[in-house]
Amino acid sequence: MRGMAGWRAGWLGRCSGFWATAAVAFLGCAAGLAQEPPYFVTYSHAMEEPGNLEIEFKGTQAAPKNDNAFGGATVEFEYGAKAWWTTEVYLSGQTTPDQSTEFTGFRWENRFRPLMEEHWVNPVLYFEYEDANTADRSFLEVSGNDGVADLATRNAAARSDVEREMEMKLILSSNTRGWNFSENFLTEKVMNGDDPWEFGYAVAASRPLSMRAGARECVFCREHFAAGAEIYGGLGTTDSFGLHDTSHYLAPTLGWDIPRGPTIAFSPGFGLNDNSLKVLWRVGVQYEFQQFFSRFHRGEAR
Amino acid sequence: MRRALGIVCFVLGCVIVAAAEVNQDWLKRVPAAERVRANPYAGQADAVAAGGLLFADHCARCHGDDLSGRNGKPSLRTPIVAGSTDGELFWLLRNGDLRHGMPPWSGLPEPERWQVVAFLRSRQ
């Protein structure tokens, strides 16, 4: 039986392999910088630029009290179909020591900007179809009565408990004086069960560390960093609406846009009640291929 | 034959005029107060250089390193851009032109958007 230290060393070892592969891939081709705030759960009204493909890895890690630690991984493929329409596919998996490593499912989301100009508050409509089992540890949202008790189910049992859900979000977002303020309200419904409608929220703010770009190219300049915080949690269900019997997190975030390279984000999420994990660690690496399909056009300069 | 050629030229002319009208559409939406906004970094060499770096990161893939357009995306070396005020270009950067594929860049801080305008102006 492997100890926790051994499992962590193995997990970190696998992560090191991922980073090395990712670094080689990233260094081998040109990239562009995204203008998205460094959030993991909250959406702003920043859409993927049309024609751009963004690939992002999001990792989660936590060690629930009196329970197995786990690591979750999600890979996102986000494409700007139109300037007002972004479509995205997620593939998720997780690993739990002494249990198993699982592919947990997929999501397909679409975001639409109904208003064609910037306003004080900018709405975005979000629709998602999710097909994932309850072993999922991506924590892309918290809804309903989600809590640490859900994490006690062993993978062997959770893998056969597949939920097919429809999720909708109202995203409100503002950019002012360099700050971004975003508020999300979500509702989701399990389609293959009798569960009631579930609700959740996420609120976030962030700002670049510098408002002006420097005249010289540099990697560690302040304008390439953004810091902020997000708060997210569940709001119960139609049967028990409210902040009780669910989990809530406060998560400082830090993002680093490496010029002509990936964007890296990091966030420790601190649980705000007994139903929450004590700390949920998150790391994200995203890479944007600008005008992805034009790269395959004959005669186009790359 | 000559008649058919005339019809083709007429239709092509209509398309070009219509396209020009579409491309100018965003200009008509700029509020008067925005048109007259002055660039606080106008003519500053540092701002032009910084704007050039921002342009290379965010804009060049569509509009080209030399601003002449790429992959079917519009050139910025046009009379419309040259004749626009700094305030109008700044408004376009903030709002984009979503109907025609130009994303908004409101996620960039305002000073950075002015730096991009300073760069564009230096290349006209």
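First, a word on scope: everything that follows refers to the structure included in this document. (Residues numbered from 1 in each chain as written. Chains lettered and ligands numbered in written order. Predicted model: local features only at pLDDT ≥ 70, side-chain atom pairs only at ≥ 80, totals over all residues.)

### A few points about the overall build of chain A
Let me state the cut-off plainly: In this text, helices come from DSSP runs of H or I with a minimum length of four residues, and strands from runs of E with a minimum of two, each type numbered from the N-terminal end. Every C-beta atom is placed from the backbone, and the number of other C-beta atoms within 10 Å of a residue's own sets its class: buried at 20 or more, exposed at 12 or fewer, partly exposed in between. Contact between two residues is assigned whenever their backbone-derived C-beta positions fall within 7 Å.
In terms of regular secondary structure, chain A is built from 2 helices and 12 strands. Taken from N to C terminus, the helices and strands of chain A fall in the order α-β-β-β-β-β-α-β-β-β-β-β-β-β. Within chain A, the fraction of its 302 residues that count as buried is 42%. Of all intrachain contacts in chain A linking residues separated by at least 6 positions in sequence, the fraction that spans at least 24 positions is 62%.

### A short note on the pairing of strand 9 (residues 225-237) of chain A
All names here are of chain A. Filter applied, for reference: By the convention used here, strands pair only if DSSP detects at least 2 bridges between them.
As paired strands, strand 8 (residues 198-208) and strand 9 are joined by 10 bridges and run antiparallel to one another. Looking at strand 9, one finds that tyrosine 201 is bridged to glycine 233. With 9 bridges joining them, strand 9 and strand 10 (residues 248-257) adopt antiparallel strand pairing. Bridged to alanine 227 within strand 10 is leucine 254.

### Quick notes on the interface of chain B and chain A
As a reminder of what qualifies: Classification convention: Asp, Glu, Lys, Arg as charged; Ala, Val, Leu, Ile, Met, Phe, Trp, Tyr, Cys, Pro as nonpolar; all other residues, Gly among them, as polar.
Chain B puts 28 residues into the contact, and the matching count from chain A is 30 residues. With 7 residues, the single largest contributor to the side of chain B that touches chain A is helix 3 (residues 45-58) of chain B. Residue composition of the side of chain B that touches chain A, grouped by class: 13 nonpolar, 8 polar and 7 charged.

### Considering the pairing of strand 2 (residues 70-82) of chain A
Residue and element names in this part refer to chain A. Of the strand pairs in this sheet, strand 1 (residues 53-62) and strand 2 are connected by 10 bridges, and their pairing is antiparallel. The residue of strand 2 that forms the bridge with glycine 59 is alanine 73. Sheet topology note: the strand 2/strand 3 (residues 85-96) ladder contains 11 bridges and is antiparallel. Looking at strand 3, one finds that glutamate 78 is bridged to glutamate 88.

Nothing here speaks to function; it is geometry throughout.
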